[in-house]
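So you can see what is in the structure, the chains are spelled out below.
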Amino acid sequence: MSANTPAAVIVLAAGGGTRMKSRKLPKVLHPVCGRTLVGHAVAAAQELTPRQLVVVVGHQRELVEAHLAEVYPGVSTAVQLEQKGTGHAVRTALAELASRGERPEGTVVITTGDAPLLTGATLAALVAAHAGQGNAATVLTAEVPDSTGYGRILRDASDAVAAIVEEKDATEAQRAVREINSGVFAFDAELLGEALAKVTTDNSQGEEYLTDTLEILRTAGHRVGAVVAADHRDVLGINDRVQLAEARRILNARLVERAMREGVTVVDPATTWFDVQVTYEPDAVVLPGTQLHGATHLGEGCEVGPNSTLTDTTVGAGASVSNTTSIGAEIGELAQVGPYAYLRPGAKLARKAKAGTYVEIKNSELGEGAKVPHLSYIGDATIGAHSNIGAASVTVNYDGVNKHRTTIGAHCRTGSDNMFIAPVTVGDGAYTAAGSVITNDVPPGALGVSRAQQRNIAGWVARKRPGTDSARAAAEAAGEQQS
């Protein structure tokens, strides 16, 4: 194993996060740009390819464990039944690994489950510095514009860490120090275990502090080093929803900048939101007010927006998607969607297909060049290539118990205000008349008509609505016709 590959990464995620004031979620499950806080911590840790990765859980651990099992099934957990401090949490994780015969040998990285801006690159720099300096422990630090409230890093003449001083204990000179402790460390595994055994609870909180191990190691003659994060924002932790929103803003700015540097035109970065899983190809254009969530992919030269929200949606090359909400849809090359369209899961538009204004499509396929231009609902349907669906059409797919499917063939022309009562099939090249309720299959090349014959009842308004504006208008019209 390389010196720059840690034996283990331990993610501390057992705390309650009371300042989040949430009745439903533990702090580490709050989302930021498509991942939970703990998900960001795990993703960054996985970039180090550690031999073991363990997350310490405690508060509402059932929810955290279920989330990890679903999203990161290879990650193990250690349960801290009582939150007795960071040192106790690390001891719990090491004990869990030892119980499975996986006692780490080499470098152990300890990080937190509430720092979503921490990157794998920053952790890798920490591990490299730890190995290169031959430290017993290495602290990830940051030089911040305002260090108020943070533990200050004090260095000795050799540039090693002499102490971490909390603000309440710091002198005026020490409070002026801008280098702070991030709560992220790299340790020699064997020395960490020895130091943890000597940590006491002799403090105001009655807890085992991980930072106490640094003084224990120094006293024993070992070197404690530090590496400064390239971007001080990497170490920002989340304690409340204000900080959560700030982290989301910073991470989104990073994601949008990355997309632009890889060839995506983002017209207004301030109103554009990306999740971490979003992918894209060069020359895609994202217009203002657009949100891209989940595993959304933008094909080369497509245009999305303005004011579109796409989740787990694939947009083909050259497609146009305007003022649209799309969830779990596939939009083909050169297809057109919107404005004001709603694509639901299972919607699949082939090349040059169109879902136009105020169109909703669910679990349906539109063939190449097929069009649903406006004011229609297409659910559980297959529409063949180059067919055109008239305005105000509905595939009536649900009988109150089961869903049924409508099939409309290729090169069909269906009239406006059609109801297709599924299950029903309209054959290739067939037409349906406007205002029809299609309950039976229409053969290829046939015209399907289903509507009552119109009749006019003369004088009805004068008899039934006397004195109204309609009656007066009708009388005037009749007089004009007689003259």
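Preceding this paragraph is the structure being described.
Residues numbered from 1 in each chain as written. Predicted model: local features only at pLDDT ≥ 70, side-chain atom pairs only at ≥ 80, totals over all residues. Heavy atoms only, no water.

Draft legend 1. Just the nonpolar core, in detail. Ranked by internal contacts, the top residues of the largest apolar core, which has 56 residues, are Phe 274, Leu 298, Val 315 and Ile 361. The set of elements that each furnish at least two residues to this core consists of helix H8 (241-261), strand S25 (341-343), strand S27 (354-362), strand S29 (371-379), strand S30 (381-383) and strand S36 (424-426). Among the elements that line this core, the one with the most residues is H8, at seven residues. Those residues in contact with Ile 361, other than ones at most four positions away along the chain, are Tyr 342, Leu 343, Arg 344, Ala 347, Leu 349, Ala 355, Leu 366 and Ile 378. Membership of the second largest hydrophobic core comes to 35 residues, among which are Ala 13, Ala 44, Leu 68 and Val 75. (Core = buried A, V, L, I, M, F, W, Y, C linked by side-chain atoms within 4.5 Å. Buried < 20%, exposed > 50% of the residue type's maximum accessible area, 1.4 Å probe, protein only. Helix = DSSP H or I, 4+ residues; strand = E, 2+ residues; numbered from the N terminus. Contact = heavy atoms within 4.5 Å.)

Draft legend 2. Spotlight on the pattern of salt bridges. Within the structure shown, the criterion is met by 21 salt bridges. We note a salt bridge from Asp 156 to Arg 218, for which the minimum N-O separation is 3.6 Å. In this pair, Asp 156 sits in the loop between strand S8 (152-155) and strand S9 (161-165) while Arg 218 sits in helix H7 (residues 212-219), placing the two residues 62 residues apart along the sequence. For Arg 405, the salt bridge goes to Glu 365, with nearest N and O atoms at 2.9 Å. In this pair, Arg 405 sits in the loop between strand S32 (394-396) and strand S33 (406-408) while Glu 365 sits in strand S28 (residues 365-366), placing the two residues 40 residues apart along the sequence. Residues participating in the shared-partner salt-bridge network are Asp 231, Arg 233, Asp 234 and Arg 254. (Salt bridge = Lys/Arg side-chain N within 4 Å of Asp/Glu carboxyl O.)

Draft legend 3. Molecular detail of a nonpolar patch on the surface. Judged by side-chain polarity, Tyr 340, Tyr 358 and Leu 375 come together as a nonpolar surface patch covering roughly 360 Å² of accessible area. Along the polypeptide, Tyr 340 turns up in the loop between strand S24 (336-337) and S25. For Tyr 340, a relative accessible area of 45% translates into the label partly exposed. (Patch = residues over 30% accessible without salt bridge, like charges linked within 9 Å, V, L, I, M, F, W, Y side chains within 5 Å. Areas by Shrake-Rupley, 256 points an atom, 1.4 Å probe, with all protein chains shown as cover.)

Draft legend 4. Spotlight on the packing of aromatic side chains. According to the stated counting rule, one finds three aromatic pairs in the structure shown. Aromatic side chains Phe 185 and Phe 187 sit 5.8 Å apart centroid to centroid with 40° between the ring planes, which places their arrangement in the tilted category. Of the two residues examined, Phe 185 and Phe 187, each falls in the buried class. (Phe/Tyr/Trp six-rings, centres within 6.5 Å; stacked < 30°, edge-to-face > 60°.)

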